[in-house]
Amino acid sequence: MTEVNITIEDLANLVQGQATKVVKIAGQLDESNVDEKIQQVYKVVEENPKNLNLIFDLEGLEYMNSKSIGYLTDLYGKITEAGGKVVIAKARPNILDILQVVGLTQLIQAFDNLEAAKSAVATTKASA
Amino acid sequence: MPTTETNNITEPEKTRITITLPTNAYFMSGIRDFTLNMVKNTTSFEEKWAFRFQSVIDELCNNAIEYGSAPGSDIRITFLYAKDDYLEISIEDTGTGKNKINAAQLQKLFDDRKAPGYVFTGIRGRGLVKIVGEWSDELKFEDRTGGGLKITVKKFLKNARQNSTGINKENQILLNV
């Protein structure tokens, strides 16, 4: 199995009364590992059925395949439908390239740094 | 520079590399590393295309693992680089997979998904059209004589330099909610 690490960090109080998590993905998400590893993120969604905000920190992500993008699209749909928000931070150029070619950057905002991603989540929620 | 000249037509120098691997996604990490380094170090394609070819090969091999070759059989990858002209990549499976599909069926599936207005649903199905299709100039599906499929993609260097964005503004994503 290709190596990938997913860690989930709680950002308490970024948005009052709502759960906000930073999902850090490092390594390579491919056919050999994505079905198993992505369940960590689905578990967070199950535990926070409403108004969950996820910031995907992709600084350490070296590779993702089309199935990984399918999961990201599915998570985006589930979370936004339940009143939450999903953004991407610090993706490498090759990751942004593949997200663009499948059209995902039309749905999910991508930011160069984590602070901008946090601000986007907080601002949108505050004005909603 | 080694070239072959016939009737005043200069043929570019060609390099062919063939890799045979067992039908197992475990090996794809090494194939991706090889592809990245090979394209970066031995072709004139810019780095962005090294990453793109990495994805193209990964998607095609995953397709072969899923549909074409049973566990225990092989997948063959062939790189053909015509110096300063094009890179051609072929993926061949054995046709022993439990979900095997023929060239005409795969072409139809590709054409259906490429049609304007097609919306992608679910986790899978984007790789062939959105990655392989978008990042290649030619894509050919063939039935192999001995069984199985051969998929060949070709990218010309001049096109890679001219249009390097590869962004399809017609993309549509339908969410499963």
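Residues numbered from 1 in each chain as written. Chains lettered and ligands numbered in written order. Predicted model: local features only at pLDDT ≥ 70, side-chain atom pairs only at ≥ 80, totals over all residues. Heavy atoms only, no water.

So, the packing of aromatic side chains
Residues and elements named next belong to chain B. Cut-off, in case you're wondering: Under the pairing criterion, centres of Phe, Tyr and Trp rings, with the six-membered ring standing for Trp, must be within 6.5 Å; the plane angle then separates stacked pairs below 30 degrees from edge-to-face pairs above 60, leaving the rest tilted. Classification of residues uses two cut-offs on accessible area relative to the type maximum, computed with a 1.4 Å probe and protein chains only: under 20% is buried, over 50% is exposed, and between them is partly exposed. Counting as a charge over the ring demands two things of the Lys NZ or Arg CZ atom: a distance within 6 Å of the ring centre and an angle within 35 degrees of the ring normal.
If you walk through the whole model with that rule in mind, you get nine aromatic pairs over all chains. Considering the side-chain rings of Tyr26 and Phe27, the 5.3 Å spacing of their centres and the 85° angle between planes classify their relative orientation as edge-to-face. We classify Phe27 as partly exposed; its relative accessible area is 35%. Ring plane angle 90° and centroid distance 5.1 Å describe the contact between Phe45 and Phe53, whose orientation is recorded as edge-to-face. Here the two residues Phe45 and Phe53 agree in accessibility, since each one is buried. Put simply, the rings of Phe45, Trp49, Phe53 and Tyr81 pair up and form one aromatic cluster. When the ring centre of Trp49 is taken as reference, the NZ or CZ atom of Arg52 above it lies at 4.7 Å.

A few points about the sheet that holds strand 4 (residues 74-82) of chain B
Residue and element names in this part refer to chain B. Selection rule: Strand pairing is assigned whenever DSSP identifies at least 2 bridges connecting the two strands. By definition, any uninterrupted DSSP run of H or I lasting at least four residues is a helix, any uninterrupted run of E lasting at least two residues is a strand, and each is numbered from the N terminus. All axes here are fitted lines through C-alpha atoms, helices being fitted over the stretch that makes contact, and every angle between N-to-C directions spans 0 to 180 degrees. For this analysis, residues touch if any pair of their heavy atoms sits within 4.5 Å.
Strand order in the open sheet formed by five strands is 3-4-5-7-6, with antiparallel pairing between adjacent strands. Because the sheet does not close on itself, it has two edges, and the strands there are strand 3 (14-22) and strand 6 (138-143). Geometrically, the sheet is characterised by an average inter-axis angle of 15° between neighbouring strands, direction not taken into account. Note that strand 3 and strand 4 share nine bridges and pair antiparallel. Bridge pairing links Thr18 to Thr78 in strand 4. Seen against the sheet, helix 3 (residues 103-114) touches strand 6 and strand 7 (149-156) and runs at an angle of roughly 150° to strand 6.

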